[in-house]
Amino acid sequence: MPDIHAYLSASSSDRWSRCPPSAKLNAEAMERASPYAMEGTCAHSLCEYLVLDALGRECKDPTEHLDYYNSEMQEAAESYRDFFLEQIADAKRLCQDPVICVEQRVDFSRWVPGGFGTADGLIVTDGFLQIIDMKYGVGVLVSAEHNSQLSCYAIAGIDMYDGLYDIQKVKLSIFQPRREHYDTWETTKDELLSWADKELAPAAQLAIKGEGEFSAGDHCRFCRVKDTCRARAEHYLELAEAAFKEPDTLDNYEIAALLPRLAGLVSWADDLKEYALRQAIAGTKYPGFKVVEGRSVRRYTDDEAVAETVAKAGYDPFEKKVMGITAMTKMLGKKRFDELLGSLTVKPQGKPVLAPDSDKRPEMHNIDEAFSEDND
């Protein structure tokens, strides 16, 4: 039987708490090594070093041993360090000597058997607990509100420190530097403990036994068996069928009900196609389908030889254009970039996007102008 922690990790708690039987299937499924996960591990190591170094604590620079280190990772880690130090400064306004933990192992097994994890940052003052989590990925924008992983770390922190600091308020903070995204959510100890007792713990008991109902949704994103999950397939096939039922045209209420589920439908379809392709390449035959060569684009075999050959023929083989803003910022540094080019940059209005009311961006009011400017 796999380690219980493999079933019920904090990072996957959003999935197994909403779809308990998926825990057993994921623990038994083979995990495919992801370069994104390894890159994230390197980024966390660098972040840990920079924070500890700034706090004057003994630590070793891991840079030379990081397989994915680059200037973007350095810049992201430095911005995380600065953010962490800002949170410490805020905490010191409440308490002269707060508890500051970096990469702190936390235990929430009081609610989840075998439940433990590592909090990137944990700060405790009189009556107050903050959990800080650095997300290096760019694919998914992560929200702090009701974040299951951070909530697990928070109840563990309450369990560790409440007796000494009489914790009443809790702050969960996500720092996602490559998306220029910071999100924080404040709640209370009582609310978190109620969630742990009434929702998390019962789901954990079902998950350990492989019981409960399968449930498809956004939490399927990192599930190892999502490609072949029957419950997920049935969920989205029912959705697709509902979209084309009588009457011939959908009314506004029906469209509004379908919109938030369409992203999941598209994601499921893409996952299924990718899974089928992998299996077909490995030898599986699907009736009516075959593996063929896709479209390809011509490329040079040797860029230097091409440049030399064209130059000798009397032509200039190079394109000359100004660096993009990201590349220019990396070269100059953010501060110098702002000094030299701040007055020469502008951020145009983004194209209109349909979003749910819960989205934190303000509603657009000059939509016609946005479309007309885009068409000029």
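Procedures and definitions
Residues numbered from 1 in each chain as written. Predicted model: local features only at pLDDT ≥ 70, side-chain atom pairs only at ≥ 80, totals over all residues. Heavy atoms only, no water. Helix = DSSP H or I, 4+ residues; strand = E, 2+ residues; numbered from the N terminus. Buried < 20%, exposed > 50% of the residue type's maximum accessible area, 1.4 Å probe, protein only. Contact = heavy atoms within 4.5 Å. Areas by Shrake-Rupley, 256 points an atom, 1.4 Å probe, with all protein chains shown as cover. Lys, Arg positive; Asp, Glu negative; His and termini not counted. Charge placed at Lys NZ, Arg CZ, Asp CG, Glu CD. Pairing = 2+ DSSP bridges. Axes fitted to C-alpha atoms, helices over the stretch in contact; angles between N-to-C directions. Core = buried A, V, L, I, M, F, W, Y, C linked by side-chain atoms within 4.5 Å. Expected span 1.5 Å × (residues − 1). Bend = angle between axes of the 7 residues up to and from the residue.

A short note on the overall build of the chain
Counting its secondary structure elements, the chain contains 13 helices and 5 strands. With the C-alpha coordinates of the chain rotated into their principal frame, the extents come out at 80 × 60 × 50 Å. Here the chain, with 376 residues, has 35% of them falling under the buried criterion. Once local pairs closer than 6 in sequence are excluded, the contacts in the chain between residues at least 24 apart make up 63%. For the chain, the exposed surface amounts to about 24900 Å²; the carbon and sulfur share of it is 52%. A distance of 4 Å separates the average location of the 44 positive side-chain charges in the chain from that of its 65 negative side-chain charges.

Structural notes on the environment of Leu122
The topology assignment puts Leu122 in strand β2 (residues 116-125). Taking relative accessible area as the criterion, Leu122 reaches 0% and is therefore assigned buried. Sequence separation between Leu122 and Ala76 is 46 residues, and the spatial gap between their C-alpha atoms is 19 Å. Not counting chain neighbours up to four residues away, the residues in contact with Leu122 comprise Val99, Ile100, Cys101, Val106, Leu129, Gln130, Ile131, Gly157 and Tyr161.

Let's talk about unusual backbone geometry
For Glu103, which is not glycine, the phi dihedral falls at a positive 50°. Position of Glu103 among the secondary structure elements: in strand β1 (residues 99-107). When its relative accessible area of 25% is taken as the criterion, Glu103 is described as partly exposed. Phi at His146 takes a positive value of approximately 55°, unusual for a residue other than glycine. Within the fold, His146 resides in the loop between β3 (128-134) and α6 (148-165). With a relative accessible area of 51%, His146 lands in the exposed category.

Description of the sheet that holds β3
Across the sheet, 5 strands lie side by side as β1-β2-β3-β4-β5; this open sheet has mixed pairing. Among the strands making up the open sheet, the edge pair consists of β1 and β5 (181-188). Geometrically, the sheet is characterised by an average inter-axis angle of 25° between neighbouring strands, direction not taken into account. Where strand β4 (residues 169-176) lies against β5, 8 bridges are found, and the strand directions are antiparallel. Bridge assignment links Leu172 to a residue of β5, and that residue is Trp185.

Observations concerning the nonpolar core
The biggest cluster of nonpolar side chains holds 42 residues, and the ones touching the most others in it are Trp16, Trp111, Leu129 and Ile155. Here Ile155 is in contact with Phe108, Trp111, Leu192, Leu193, Trp195, Ala196 and Leu200, once residues within four sequence places are set aside. Core analysis: the next-biggest nonpolar cluster, separate from the first, contains 24 residues, Ala43, Val51, Ala76 and Ile132 among them.

Comments concerning the pairing of β2
β2 sits mainly inside the fold: 8 of its 10 residues count as buried. Judged from the 8 bridges that link them, β1 and β2 form a sheet pairing that is antiparallel. What sits directly across from Arg105, in β2, is Thr118. As defined by bridge partners, β2 adjoins β3 across 5 bridges and the pair is classed as antiparallel. Pairing of Val124 across the sheet is with Leu129, part of β3. With antiparallel pairing between neighbouring strands as the criterion, β2 and β3 make up a hairpin whose turn holds 2 residues, including Gly127 at a positive phi of roughly 80°.

Some remarks on helix α7 (residues 189-209)
In this model, α7 (21 residues) spans 29 Å end to end at C-alpha, consistent with the 30 Å of a helix rising 1.5 Å per residue. Maximal helix bending in α7 amounts to about 40°, located at Ala196.

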